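Listed here are the chains, written in short residue letters.
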Amino acid sequence: MAVFLKRLLHPGRSPAALGRLMGRREASLGTDPGAAVRVRFAPSPTGFLHLGGLRTALYNYIFAKKHQGSFILRLEDTDQTRLVPGAAENIEDMLEWAGVPPDESPRRGGPAGPYLQSQRLALYAQAAEALLKSGAAYLCFCSPQRLELLKKEALRNRQTPRYDNRCRSLSQAQVAQKLATDPKPAIRFRLDGEAPAFQDLVYGWNRHEVASVEGDPVILKSDGFPTYHLASVVDDHHMGISHVLRGSEWLVSTSKHLLLYQALGWQPPHFAHLPLLLNKDGSKLSKRQGDIFLEHFAATGFLPDALLDIITNCGSGFAENQMGRTLPELIAQFDLSRVTCHSALLDLEKLPEFNRLHLRRLVGDETQRCQLVGQLQALVEEAFGSQLQDREVLDPAYVERIILLRQGHICRLQDLVSPAYSYLWTRPAVGRAQLGAISEKVDIIAKRVLGLLEGPGTNLTQDVLNGELKKLSDGLEGIKHSNVMKLLRVALSGQQQGPPVAEMMVSLGPKEVRERIQKVLCS
């Protein structure tokens, strides 16, 4: 037994030295009841970050910031067979993109590191040793084949699969004999006694009698890696976590975790289990839904604040639901006691409207608007590239004018490089026949527009132009004003629909409008 335990511990570091290190860490973090708020987001890097994970991270972040605490990212990578390449980096990248960066993480480091569970195996081994010594845990030699047979038999009898605790009653002599042939057994936690009741900060008082419905759970696998139950308890303790805000699917496991805290002699944190984030039809968010990953939203032009807004708007934790909240407002208004047990139904069809509100807010801020100008310039280059007949369309003043005129009308910056707005960046190919089909008075209308542009001191504001454009059809028998506007819209943009003609003219500017109208006369 002693030899087996020694193998579990970190090579080159004695149990006593490791204990002293852990003790110093606990003291430095102040894990007493009066310690600062410390919360953690602990995803498994078995996939990229999606909206469900972002919501859990966000609630942890805003709770920490509201209480001047710390938000920690810990990656639970103990299931090495399911790791997805690049997922660990993506999770931290997307948290930073979303504006909720961790204070401590694998990338940033911190006083409670390492923040990858695969690098904390010695801590789990020491906890397992303590549980074995106290009799709260035991070695299990059951093969995967036997465990699979137990499962199949239970399912055949329409029972919930559970371990039969066979190795719990092995004598010391039997254990020694089995260790000689199987030197790498698993370790199981003994579910004895009544599970303690606990007050969840969302679901209220709870108790789940796990011993009566479950077999003793594995806490340390034969490969030295812990299961979630041991790892989360050990890490939350040594990282000084004060509050565990996690998904409600872990509510029934909390009694098991509290038994582990009790067996290890540790003070548990406060628990708050968050209701699930579901699709609007009540179905679960699935990683197979390609459109729920943050990378998708970032690539398609949705703003981080819009995502944070919609995933809190559809849930609870605030006095009232309102659109357009910024992150500082979410922090100020969040109240954990207002989180209800009801699942949050997410309607992504509303996301463009949320994005429109937040985009308009950014346009109203001069610093943010300058950043938007740079982003739109890059989008125009990417979308049109060599098609640009005149690179003056990339002039910052022109790009800014477009953004200001179209604010409130577009949901994403990318909308401005869609086909509907291509006329802003490239000159349309409009034939004389196309215009003649609208009105026979093409030349007269074109000349009147040129005269309007060349008038002395004409101020090309949208209001002034609206008034002047209404006069264009004066004296033109049989020509409706609507047809004049339709003709001008096609001449300027090549399209039947779009923004008001006056806005188009202000957007393009008098020089470009003049060139496009003269082209009509020459065609």
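These figures come from a predicted structure and were not determined experimentally.

1. Regarding the domain arrangement of the protein
Segmenting the protein into domains produces domain 1 (38-277), domain 2 (365-424) and domain 3 (432-522). Just the C-alpha atoms count here: the centres of domain 1 and domain 2 sit 49 Å apart.

2. Quick notes on unusual backbone geometry
Between Gly113 and the following residue, Pro114, the backbone shows a cis peptide bond with an omega angle of 0 degrees. Structurally, the position occupied by Pro114 is in the loop between helix H4 (87-97) and helix H5 (121-134). Non-glycine residue Gln68 carries a positive phi angle of around 55 degrees. In this fold, Gln68 is placed in the loop between helix H3 (51-66) and strand S2 (70-73). Despite not being glycine, Asn165 has its phi angle at roughly 60 degrees, a positive value. Mapped onto the fold, Asn165 is located in the loop between helix H6 (144-156) and helix H7 (172-181).

3. A word on the packing of aromatic side chains
Within the structure shown, the criterion is met by 7 aromatic pairs. Centroid distance Tyr59 to Phe334: 5.4 Å. Interplanar angle 85 degrees. Geometry classified as edge-to-face. A residue pair is termed long-range when its members are at least 10 positions apart, and Tyr59 in helix H3 and Phe334 in the loop between helix H13 (327-333) and strand S11 (344-346) qualify at 275 residues. Each member of the pair, Tyr59 as well as Phe334, carries the same accessibility label: buried. An angle of 85 degrees between the planes, with centres 5.7 Å apart, marks the rings of Tyr61 and Phe71 as edge-to-face. Highlighted residues: Tyr61 in helix H3 and Phe71 in strand S2, separated in sequence by 10 residues. Cluster of aromatic residues (ring-pair linked, three or more members): Tyr59, Phe318 and Phe334.

4. Re the nonpolar core
Ranked by internal contacts, the top residues of the largest apolar core, which has 105 residues, are Leu51, Leu376, Trp425 and Leu488. Residues within four places of Leu488 in sequence aside, it is in contact with Ile445, Val449, Leu469, Leu472, Val501 and Ile517. One finds Ala137, Leu179, Ala195 and Ile241 within the second-largest nonpolar core, a separate group that totals 38 residues.

5. Re the packing of helix H15 (residues 366-384) against helix H16 (residues 396-406)
A pair of packed helices is characterised by two quantities: the angle between their axes and the separation of those axes. For the pair H15 and H16, the least separation of the axes is 9 Å and the interaxial angle reads 105 degrees. Classed by the angle they form, the pair H15 and H16 counts as roughly perpendicular. Seen from H15, the contacting residues are Arg369, Leu372, Val373, Leu376 and Gln377; seen from H16, they are Pro396, Val399, Glu400, Ile403 and Leu404.

6. With respect to the pairing of strand S9 (residues 270-274)
Of all 5 residues that make up S9, 4 are buried, and the element is covered over most of its length. The pairing of strand S8 (residues 243-247) with S9 spans 5 bridges and is parallel. Residue pairing across strands places His243 opposite His270, the latter belonging to S9. Viewed along the sheet, the connection from S8 through helix H10 (residues 254-264) into S9 turns out right-handed.

7. What about the side chain of Asn60?
Relative to the helices and strands, Asn60 is located in helix H3. Among the polar contacts listed, one links the side chain of Asn60 to the backbone oxygen of Leu245, at a separation of 3.0 Å. Discounting chain neighbours no more than four positions away, the residues touching Asn60 are Val39, Arg40, Phe71 and Leu245.

8. Quick notes on the packing of helix H18 (residues 442-453) against helix H22 (residues 510-522)
Between H18 and H22, whose axes approach to 10 Å, the crossing angle comes to 155 degrees. With respect to H22, the axis of H18 lies roughly antiparallel. Remark: the crossing between H18 and H22 carries left-handed chirality. Across the interface between the two elements, Val442, Asp443, Ala446, Lys447, Val449, Leu450 and Leu453 of H18 pack against Pro510, Val513, Arg514, Ile517, Gln518, Val520 and Leu521 of H22. A class-by-class count of the residues in the contact of H18 with H22 yields 10 nonpolar, 1 polar and 3 charged.

9. With respect to H4
Taken as a whole, H4 has its buried residues at Ala87, Asn90, Ile91, Glu92, Met94 and Leu95. Residues of H4 that are buried in the fold lie against strand S1 (38-41), H3, S2 and helix H11 (294-299). One or two residues past the end of H4 sits Gly99, with phi positive at roughly 85 degrees.

10. Looking at the sheet that holds strand S7 (residues 218-220)
Judged by pairing direction, the sheet is antiparallel, and its 3 strands sit side by side in the order S3-S4-S7 without closing on themselves. Looking at which strands have only one partner, the edges of the open sheet turn out to be strand S3 (137-140) and S7. Across this sheet, the average inter-strand angle for adjacent strands is 45 degrees, counted without regard to direction. Pairing of strand S4 (residues 186-189) with S7, which is carried by 2 bridges, proceeds in the antiparallel orientation. Counted as the bridge partner of Ile187 is Leu220 from S7.

11. Some thoughts on the environment of Arg188
Checked against the element boundaries, Arg188 lands in strand S4. When the C-alpha positions of Arg188 and Asn206 are compared, they lie 24 Å apart, and in sequence the two are 18 residues distant. There is a polar contact of 2.6 Å between the side chain of Arg188 and the backbone oxygen of Asp216.

12. Examining the side chain of Glu92
Within the secondary structure, Glu92 sits in helix H4. What Glu92 contacts, discounting residues up to four positions off in sequence, is Leu73, Pro102, Ser105, Pro106, Arg107 and Arg108.

Cut-offs and rules
Residues numbered from 1 in each chain as written. Predicted model: local features only at pLDDT ≥ 70, side-chain atom pairs only at ≥ 80, totals over all residues. Heavy atoms only, no water. Domains from an automatic or database assignment. Helix = DSSP H or I, 4+ residues; strand = E, 2+ residues; numbered from the N terminus. Phe/Tyr/Trp six-rings, centres within 6.5 Å; stacked < 30°, edge-to-face > 60°. Buried < 20%, exposed > 50% of the residue type's maximum accessible area, 1.4 Å probe, protein only. Core = buried A, V, L, I, M, F, W, Y, C linked by side-chain atoms within 4.5 Å. Contact = heavy atoms within 4.5 Å. Axes fitted to C-alpha atoms, helices over the stretch in contact; angles between N-to-C directions. Parallel < 35°, antiparallel > 145°, perpendicular 65-115°, else oblique. Pairing = 2+ DSSP bridges. Right-handed = clockwise from strand over helix to strand, strands pointing away. Polar contact = N/O pair within 3.5 Å; in protein donor to acceptor, adjacent residues only side chain to side chain. Left-handed = near helix turned anticlockwise from the far one by under 90°. Nonpolar A, V, L, I, M, F, W, Y, C, P; charged D, E, K, R; others polar.

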